Amino acid sequence: MAKKVSEPRPHIVVSGAERGPFLTLEDSHVSMMPEKYGVDFLWSTGEGLAGLQRKEVKDLISSAEGDRLGRELLQMKALEWKAICIEGNPQWTTEGYLVKSYGREWTRESWTGLLLSIQRQGCLIVQSSNTTDTVRVLEECVRYTVKADHKGFATHGSVVAAFGTVPGDRDF
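Given the structure is predicted, the values throughout are model-derived calculations rather than measurements.

A.B. asks: Give a detailed account of the nonpolar core, specifying residues and quantitative values.
C.D. replies: Leu60, Ile84, Trp111 and Ile118 are the most contacted members of the largest nonpolar core, which totals 21 residues. Listed by contribution, the elements that provide at least two residues to this core are helix H2 (57-65), helix H3 (68-76), strand S5 (81-87) and helix H4 (108-120). No other element matches H4, which puts four residues into this core. Core analysis: the second largest hydrophobic core is formed by 16 residues, Val14, Phe41, Ala50 and Val137 among them.

See the structure below:
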């Protein structure tokens, strides 16, 4: 079996607004430069700049209700790859309302609409359970973006026919 060659890890620029474990990331330094691009973490890939914005659930809601999220998404357009890491998991009542109140009432439908609107702007969404987990997610995003090629689904062959149209076909 061929040995897997790992891509070199790029230098990560961490926003000066960040605290905790982010300040001790290997091969990183603190600067306000990521803020110019609407992110908390900025690095270079073979195709351009990449960035990750970290948002706790309450912060995402607050920034969506104001103009901060819209401004950050506009700034992120300058990046080749961009994502928001939602830290934490919203809890819902059986009626579909957010358990914790962060201002106005949030329903599951409004939450889904917010996530879809973010993605429609070309910004991916990843999830973490807490700050420590966000460090792991950041490292995975960096590795993903510097990887030379992403074959993923392309290695499974092409679809022979529309699903369910040819009895006996493997796609049926």
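A.B. asks: Lay out the sheet that holds strand S2 (residues 28-31) with the relevant residues and their values.
C.D. replies: Ordered by their spatial adjacency, six strands build an open sheet running S2-S1-S3-S4-S5-S6, and the pairing between neighbours is mixed. Where the open sheet ends on each side, the last strands, each with one partner, are S2 and strand S6 (124-128). Between one strand axis and the next, the sheet turns through 25° on average, direction left out of account. Two elements, S5 and S6, share five bridges in a ladder whose sense is parallel. Following the sheet pairing, Cys85 is matched in S6 by Val126. Running at roughly 105° to strand S4 (residues 48-56), H2 makes contact with S4 and S5 of the sheet. Across the sheet, helix H5 (residues 131-146) touches strand S1 (12-15), strand S3 (41-45), S4, S5 and S6, and the angle it forms with S3 is around 20°.

A.B. asks: Break down the environment of Lys77 for me, with residues and values.
C.D. replies: If you trace the backbone, Lys77 turns up in the loop between H3 and S5. The partly exposed category is assigned to Lys77, whose relative accessible area is 46%. C-alpha of Lys77 to C-alpha of Gln121: the two residues are 44 residues apart in sequence and 8.3 Å apart in space. The contact partners of Lys77, leaving out residues within four places of it in the chain, are Lys82 and Gln121.

A.B. asks: Report on H5, specifying residues and quantitative values.
C.D. replies: Under the 1.5 Å per step criterion, the end-to-end length of H5 is 23 Å for 16 residues, consistent within 8% with the ideal 22 Å. Buried within H5 we find Asp133, Thr134, Val135, Val137, Leu138, Glu139, Cys141, Val142, Thr145 and Val146. For H5, the capping residue at the N-terminal end is Asn130, with a side-chain oxygen 3.2 Å from the backbone nitrogen of Thr132.

Thresholds applied
- Residues numbered from 1 in each chain as written.
- Predicted model: local features only at pLDDT ≥ 70, side-chain atom pairs only at ≥ 80, totals over all residues.
- Heavy atoms only, no water.
- Core = buried A, V, L, I, M, F, W, Y, C linked by side-chain atoms within 4.5 Å.
- Buried < 20%, exposed > 50% of the residue type's maximum accessible area, 1.4 Å probe, protein only.
- Helix = DSSP H or I, 4+ residues; strand = E, 2+ residues; numbered from the N terminus.
- Pairing = 2+ DSSP bridges.
- Axes fitted to C-alpha atoms, helices over the stretch in contact; angles between N-to-C directions.
- Contact = heavy atoms within 4.5 Å.
- Expected span 1.5 Å × (residues − 1).
- Polar contact = N/O pair within 3.5 Å; in protein donor to acceptor, adjacent residues only side chain to side chain.

Purely spatial values, then, with no claim about function.
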